[in-house]
Amino acid sequence: MAADKMDVDMSTVLDNVHEELVEFSAEVDGDDYEFGVQYAVLEALSGDAPEDDAVDMFNRFSDAIAEAGLVALARNSDPAMIIISENDLE
């Protein structure tokens, strides 16, 4: 059964400019995971490319990102960091 809720630890949100990811930790069904959401996802959600505001964009779209994160987690829960891509958006 797929998880239906992700609790993002907002204190862990970090803009990794070099990798073009916003990284964060989250708890799903009592387990902790590391996630990275691609800048392309933020752009798809907002219509604008992240520049110096990737974390702000993450905060504005955190619900949609959490849903996409659950899709990415269901796809592959093994890697050290689960990457959320545009393919995970519903």
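Residues numbered from 1 in each chain as written. Predicted model: local features only at pLDDT ≥ 70, side-chain atom pairs only at ≥ 80, totals over all residues. Heavy atoms only, no water.

A.B. asks: Please set out the overall build of the protein chain residue by residue, giving values where relevant.
C.D. replies: When you go through the protein chain residue by residue, the secondary structure sums to three helices and four strands. For the protein chain, the C-alpha radius of gyration of 12 Å lies close to 12 Å, the compact-globule estimate for 90 residues. Each principal axis of the C-alpha atoms in the protein chain carries an extent, and together these give about 35 × 25 × 20 Å. The proportion of buried residues among the 90 residues of the protein chain is 36%. Sequence separation of at least 24 residues holds for 39% of the intrachain contacts in the protein chain that already meet a minimum separation of 6. (Helix = DSSP H or I, 4+ residues; strand = E, 2+ residues; numbered from the N terminus. Rg over C-alpha atoms; globule rule 2.2 N^0.38 Å. Buried < 20%, exposed > 50% of the residue type's maximum accessible area, 1.4 Å probe, protein only. Contact = heavy atoms within 4.5 Å.)

A.B. asks: Help me get a handle on the pattern of salt bridges, residues and values and all.
C.D. replies: Across all of its chains, the model carries two salt bridges by this definition. Where K5 meets D7, a salt bridge forms, and the shortest distance between an N and an O atom there is 2.4 Å. D7 sits in the partly exposed class, given a relative accessible area of 39%. A salt bridge links R75 to D88; the shortest N-O distance between them is 2.8 Å. Note that R75 is positioned in helix α3 (residues 62-75) and D88 in the segment after β4 (82-84), a separation of 13 residues in sequence. (Salt bridge = Lys/Arg side-chain N within 4 Å of Asp/Glu carboxyl O.)

A.B. asks: Give me the pairing of strand β1 (residues 7-16): which residues, what numbers.
C.D. replies: Direction of pairing for β1 relative to strand β2 (residues 21-28): antiparallel, over a ladder of six bridges. Bridge pairing in β2 places D7 opposite E27. Linking two consecutive strands that pair antiparallel, namely β1 and β2, is a turn of four residues; a positive phi of about 55° is found at E20 within it. (Pairing = 2+ DSSP bridges.)

A.B. asks: Kindly report on α3, identifying the contributing residues and their values.
C.D. replies: Spanning 14 residues, α3 covers 20 Å between terminal C-alpha atoms, matching the ideal 20 Å at 1.5 Å per step. Of all the residues in α3, the buried ones are I65, A66, A68, G69, L70, A72 and L73. Against the buried residues of α3 lie β2, β3 (31-38), α1 (39-46), α2 (54-60) and β4. (Expected span 1.5 Å × (residues − 1).)

A.B. asks: Can you tell me about the sheet that holds β2, naming the residues and giving the values?
C.D. replies: As summarised here, the arrangement of the four strands in space is β1-β2-β3-β4, forming an open sheet in which the pairing is mixed. A single partner strand is all that each edge strand has here, and the edge strands are β1 and β4. Each adjacent strand pair in this sheet contributes to an overall mean axis angle of 25°, direction not counted. This element, α1, spans β1, β2, β3 and β4 of the sheet and lies at about 70° to β3. In this fold α3 packs onto β2, β3 and β4, with an angle of close to 130° to the strand it touches most, β4. (Axes fitted to C-alpha atoms, helices over the stretch in contact; angles between N-to-C directions.)

A.B. asks: Requested: an account of the packing of aromatic side chains, with residues and values cited.
C.D. replies: Under the criterion given, the structure shown has three aromatic pairs. On the basis of an interplanar angle of 10° and a centroid distance of 5.3 Å, the ring pair of F24 and F35 is categorised as stacked. Separated by 11 residues along the polypeptide, F24 in strand β2 and F35 in strand β3 bring together distant segments of the chain. Across the pair, F35 and F24 agree in class, each one buried. Ring geometry for F24 against F58: centres 5.0 Å apart, planes inclined by 50°, an arrangement best described as tilted. Taken together, the positions of F24 in strand β2 and F58 in helix α2 put the pair 34 residues apart, joining distant regions of the chain. One exposure class covers both F24 and F58, and it is buried. (Phe/Tyr/Trp six-rings, centres within 6.5 Å; stacked < 30°, edge-to-face > 60°.)

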